[in-house]
Amino acid sequence: MQLSEQQKNAVLHTGTPALVVAGAGSGKTRTLTAKIAYLIEKGYDPSRILAITFTNKAAEEMKTRLVKQTRLSIDRFPWVRTYHSACYTILKLHAEILGFKHPLQILSAYHQQKLYKDIAASLNIEKSSIPGLISDISKAKNFADPLKYIEHLPKIKKAMTLAVFGRYEQELRQRNSLDFDNILLFTRDLLRNNEAVRQKYRALFQYILVDEYQDTNNLQEEITGLFLGHKNLFCVGDDWQAVYGFRGSNVNHFLSFPEKYPEASIFKLEQNYRSASEIVKLANSLIGNNERRMDKTCFSSKTGGMVSTHDFPNEFEEAIWVAKKIRSLKSMGIPYSAMAVMYRTKSLSLWFEKEFRRANIPYRMMGSKGFFERMEVLDINCYLLAAVFPDDDVAFDRIVNTPKRGIGPAMMKKIAQARLDGASLQTTARSMMKERIFSPKIHGGLTRLFEGLDRMKTMKPDDAIRFVLYEFGYTDHIAETCKTREELDSRKENIDELVFNASLKTSLTDYLEEIVLVNEDKDDDKDDKNGVSLSTIHASKGLEYGAAFIVGVEEELFPHWRSLTSEAEIEEERRLMYVAVTRAERYLFITSARERRNKRSRKSRFLWELKAALE
């Protein structure tokens, strides 16, 4: 394998811990794979090399590369795994030490959420508090000291979280179950508290390698240290691309590596093989505004990069211009698949989906569903469809028990069996109500539903959506069903965008016709692999595009409103902008709008920083 001088120096180094500070597009994965192949060549046993990746997909890709490079079979690399996979493998072998029996059960997200709901109900805690509780308890575990983390929560929240945490862990024990976070937490406890087990794995792992080291959390860092019985540690990452603090990752582990391992060697991969020099210099200048960073000077031997910023009156003009520019780039020979539109929040995809449909530009959603396919958007639109089209069985079936009204599958089957002359489910249910067939609870729920649907028929589209949100209790419903605060915020942002989109139409039928046509067009070329990528910036990490558009670069959107009270979080948002900028190979366009959802917006501080670097 051909390596640069910087890559080669990192690969050939042994004897002390090493940190490879790998800039964007610098061949990080190539270096890591070459390191493992070199170790095997030097006599290390591949089955005793622990190589940690952050996704199962990355682990499989690394194994595939190693098989190709070393010509060994894939089963010779049993410890190329994620942290969770490696730890679960160990836990299964030593479960009895921790008081568990075989087989261990890992709770699914559904089971976990149901258990939290039951505990919250037994403690008289409001359902709307559940997403925050789940998020806080998960962060507490990944902090490595759950009780210490909870101790620093606000007083009322602390008491509630402690009560739920204690009951939750007790229930898990009784069920002989683990949740995803406990896989790491209990492995840490096992290694820390049992000398024989710790020494066994220290003897087993001759070399430890960690990919995406900037994204490790406190618990993962501690586990790595417990595995390490020697100096054979090789960590690879880029603190400039540390963008998962909201999930509990702690970039300080990366930044403090030289202090933790004073004899460590630091290798910097600074040549960017992806982006043109103009883009690399711009990215360097942007990240230079962060105080907490490890210095490096990234460069590129490629030239001819083109960077421009554009400001528009509103989101409509922004989307129209982007579509036109994409058509222009396509005429220059750049395929649609080599272009991407990136945004900070999923809700912004709506305007580009609509404009791309109108302009006949194929696209694919990266890491998320299309706007009108998202759960909350489908639910709300089905309410509107059920109001306007009472014969729409699919819409009625979706909303009749959302939020819950006690009308489960058995009751829907009963309604379906009572149909006469091909009548719809809604028409049949209305007829059954006149005959007083339902229980008082179901009768009351359906009465309120049908009265609401009848009122909605004459409302403007945006007013009808607000009616669903507040009169039918859909706002409370999503607060109860979301697993984390971040998920709840994302769904609320989608709903805000939906309300604004609906306000552009004067009648429900006009609005519903538009969304049906958009969905019909999208179904024709679903997941078009030759289309333009529409992606959040988080979902674009690790990818590259000939032409990249970063849209919606405005205060409270990017940086996101959640981050504005903390300088550390602002720095993470800036790192996210750095990730976005470095996705571009040659063409980079950064856009903002002066007005969004009929409200004035301000250019992002990041846009001003980029503009200053361009002057």
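All of these numbers come straight from a predicted model, not from anything done at the bench.

## Re the nonpolar core
Thought 1: Counting 77 residues, the largest nonpolar core has I326, V341, F356, L384, L449 and M456 as the members making the most contacts within it.
Thought 2: When neighbours within four sequence positions are excluded, F356 is seen to be in contact with V322, A323, I326, V341, I361, Y363, V532 and L534.
Thought 3: L19, I52, A144 and Y201 belong to the second largest nonpolar core, which has 44 residues in total.

## Focus: helix α17 (residues 375–388)
Thought 1: When the terminal C-alpha atoms of α17 are compared, their 20 Å separation across 14 residues agrees well with the 20 Å that a helix rising 1.5 Å per residue should span.
Thought 2: Burial analysis of α17 places 11 of its 14 residues in the buried class, the great majority of the element.
Thought 3: Listed in full, the buried residues belonging to α17 are E376, V377, D379, I380, N381, C382, Y383, L384, L385, A386 and A387.

## Comments concerning the packing of helix α21 (residues 440–456) against helix α22 (residues 461–470)
Thought 1: Where α21 contacts α22, the axes come no closer than 10 Å and their chain directions differ by 165 degrees. On the basis of their axis angle, the class for α21 and α22 is roughly antiparallel. Here α21 and α22 pass one another in a crossing that is right-handed. Contact residues: α21 offers G452, R455 and M456, while α22 offers A464, F467 and V468.
Thought 2: Here the residues of the contact of α21 with α22 sort into 4 nonpolar, 1 polar and 1 charged.

## Let's talk about unusual backbone geometry
Thought 1: Each neighbour pair has its own omega, and for T402 with P403 the value is 0 degrees, a cis peptide bond.
Thought 2: Its place among the elements puts P403 in the loop between α18 (393–399) and α19 (409–417).
Thought 3: Of note, the amide linkage connecting F558 to P559 takes the cis form, showing an omega dihedral of 10 degrees.
Thought 4: Summarising the element assignment, P559 is placed in the loop between β13 (545–550) and α27 (567–581).
Thought 5: A positive phi is found at N124, a non-glycine position, where the angle reads about 60 degrees.

## A short note on the pattern of salt bridges
Thought 1: For the structure on display, the rule yields 41 salt bridges.
Thought 2: Between R419 and D393 there is a salt bridge whose closest N-O contact spans 2.5 Å. A residue pair is termed long-range when its members are at least 10 positions apart, and R419 in the loop between α19 and α20 (425–434) and D393 in helix α18 qualify at 26 residues.
Thought 3: Overall, the relative accessible area of 33% leaves R419 in the partly exposed class.

## Some points on the packing of aromatic side chains
Thought 1: Going through the model one piece at a time under the given rule, you end up with 28 aromatic pairs.
Thought 2: Residues W79 and F205 carry aromatic rings whose centres are separated by 5.0 Å and whose planes lie at 80 degrees to one another, so their mutual orientation is edge-to-face. With W79 in the loop between α3 (56–70) and β3 (80–82) and F205 in the loop between α10 (195–204) and β6 (207–210), the pair connects residues that are 126 residues apart, well separated along the chain.
Thought 3: Taken together, a centroid distance of 4.2 Å and an interplanar angle of 10 degrees make the contact between Y116 and Y168 stacked. Of this pair, Y116 sits in helix α5 (residues 109–122) while Y168 sits in helix α8 (residues 155–174); the two residues are 52 residues apart in sequence, bridging distant segments of the chain. Like Y116, the residue Y168 is buried in the burial classification.
Thought 4: Among the aromatic side chains, those forming a connected cluster through ring pairs are F312, W321, F549, Y587 and F589.
Thought 5: It is K296 that lies over the ring of W240; its NZ or CZ is 3.6 Å from the centre.
Thought 6: Here R405 stacks its cationic end above the ring of F472, 5.5 Å away from the centre of that ring.

## Notes on the layout of surface pockets
Thought 1: Of the pockets and cavities examined, the second largest pocket occupies roughly 1200 Å³.
Thought 2: Around the second largest pocket, the lining comprises 36 residues; the ones closest to its centre are N401, P403, K404, H477 and T481.
Thought 3: Broken down by element, the lining of the second largest pocket gets its largest block of residues, 7 residues, from α5.
Thought 4: Split into classes, the residues belonging to the lining of the second largest pocket amount to 9 nonpolar, 8 polar and 19 charged.

Calculation notes
Along every chain, residues carry numbers that run from 1 in the direction the sequence is written. Reporting in this predicted model follows two pLDDT cut-offs: at least 70 for local features of residues, and 80 or more for side-chain atom pairs to be given and counted; totals over whole chains, interfaces and linings ignore these cut-offs and use all residues. Hydrogens and water molecules were not included; the side-chain quantities draw on all heavy atoms of the structure. To qualify as a nonpolar core, a set must consist of buried Ala, Val, Leu, Ile, Met, Phe, Trp, Tyr and Cys residues joined through side-chain atoms within 4.5 Å. Here the term buried applies to any residue with accessible area under 20% of the maximum for its type, exposed to any over 50%, and partly exposed to those in between, with areas from a 1.4 Å probe on protein chains only. The contact rule is simple, with two residues in contact once any of their heavy atoms fall within 4.5 Å. Elements are defined by DSSP. Helices are runs of H or I of four residues or more, strands are runs of E of two residues or more, and each kind is numbered from the N terminus. The span one expects for a helix is its residue count, reduced by one, times 1.5 Å. To obtain an axis, a line is fitted to C-alpha atoms, over the contacting stretch when the element is a helix, and the angle between two such axes runs from 0 to 180 degrees between their N-to-C directions. Between 65 and 115 degrees an angle is taken as roughly perpendicular, under 35 as roughly parallel, over 145 as roughly antiparallel, and anywhere else as oblique. Definitions for this section: a left-handed crossing has its near helix turned counterclockwise from the far helix by less than a right angle. A right-handed crossing has that turn clockwise. By the convention adopted, Pro, Cys, Tyr, Trp, Phe, Met, Ile, Leu, Val and Ala count as nonpolar, Lys, Arg, Asp and Glu as charged, and the other residues, Gly among them, as polar. Within this document, salt bridges are pairs made up of a side-chain nitrogen of Lys or Arg and a carboxyl oxygen of Asp or Glu, the two lying within 4 Å of each other. Note on ring pairs: Phe, Tyr and Trp rings are taken, using the six-membered ring of Trp, and paired if centres are within 6.5 Å. Classes follow the plane angle, with under 30 degrees stacked, over 60 edge-to-face and the rest tilted. Think of it as a cone above the ring: NZ of Lys or CZ of Arg counts as a charge over the ring if it is within 6 Å of the ring centre and within 35 degrees of the ring normal. Both cavities and pockets are sets of points on a 1 Å grid over the protein atoms alone; in a cavity a 1.4 Å probe fits but cannot get out, in a pocket the set is open with protein on both sides within 12 Å along at least five of seven lines, and lining residues sit with an atom within 4 Å of a point. Grid points are joined across faces, edges and corners, and a volume is the space filled by probe spheres set on the points.

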